[in-house]
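# Overview (structure and organization)
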Amino acid sequence: VVAAPRLGDEVSYCFNGDYYPCGKITRITKGWRVTTDGGKTFNRYKETGGWRMVGGTWWMVDGVVDERNPHI
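These figures come from a predicted structure and were not determined experimentally.

### Focus on the overall build of the protein chain
When its secondary structure is counted, the protein chain shows 0 helices and 6 strands. Ordered by position from N to C terminus, the α and β elements of the protein chain give β-β-β-β-β-β. On C-alpha atoms alone, the protein chain measures out to a radius of gyration of 12 Å, which is about the 11 Å that the 2.2 N^0.38 rule sets for 72 residues. The dimensions of the protein chain, computed from C-alpha atoms along their principal axes, are 40 × 25 × 25 Å. Each of the 72 residues in the protein chain was classed as buried or not, and the buried ones make up 26%. Considering only residue pairs separated by 6 or more positions, the protein chain has 39% of its internal contacts joining residues 24 or more positions apart. Charge separation in the protein chain, taken as the distance between the mean sites of 10 positive and 8 negative side-chain charges, equals 10 Å.

### A look at unusual backbone geometry
A positive phi angle, near 55°, is found at Asn16, a position not held by glycine. For Asn16, the position within the fold is in the loop between β1 (10–15) and β2 (18–28). Not every positive phi belongs to a glycine, and Lys46 is a case in point at roughly 50°. Position of Lys46 among the secondary structure elements: in the loop between β4 (41–44) and β5 (51–53). Residue classification places Lys46 among the exposed positions, given a relative accessible area of 63%.

### What about the packing of aromatic side chains?
Evaluation of the coordinates by the stated rule reveals 6 aromatic pairs. Their ring planes at 85° and their centres at 5.1 Å tell us that Tyr13 and Trp58 sit as a pair that is edge-to-face. Of this pair, Tyr13 sits in strand β1 while Trp58 sits in the loop between β5 and β6 (59–62), and the two are 45 residues apart along the sequence. Among the aromatic residues, those joined into a ring-pair cluster are Tyr13, Phe15, Tyr20 and Trp58.

Definitions and limits used
- Residues numbered from 1 in each chain as written.
- Predicted model: local features only at pLDDT ≥ 70, side-chain atom pairs only at ≥ 80, totals over all residues.
- Heavy atoms only, no water.
- Helix = DSSP H or I, 4+ residues; strand = E, 2+ residues; numbered from the N terminus.
- Rg over C-alpha atoms; globule rule 2.2 N^0.38 Å.
- Buried < 20%, exposed > 50% of the residue type's maximum accessible area, 1.4 Å probe, protein only.
- Contact = heavy atoms within 4.5 Å.
- Lys, Arg positive; Asp, Glu negative; His and termini not counted.
- Charge placed at Lys NZ, Arg CZ, Asp CG, Glu CD.
- Phe/Tyr/Trp six-rings, centres within 6.5 Å; stacked < 30°, edge-to-face > 60°.

Next up, the structure:
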């Protein structure tokens, strides 16, 4: 069972240990395309519980997370 995102949820995007806030969800289409008030758009990845940013390798995560990978 996958917890689907909801309108108004605060989300961030991440890759390889780096996390950046991107705002609240403002739109969810029938095809599970999620848009935030920060202008980022994510598509559901296949039949998984993951949402990947359009045109990139960044992934949407729940909550406001602002961290950088200390290994770089």
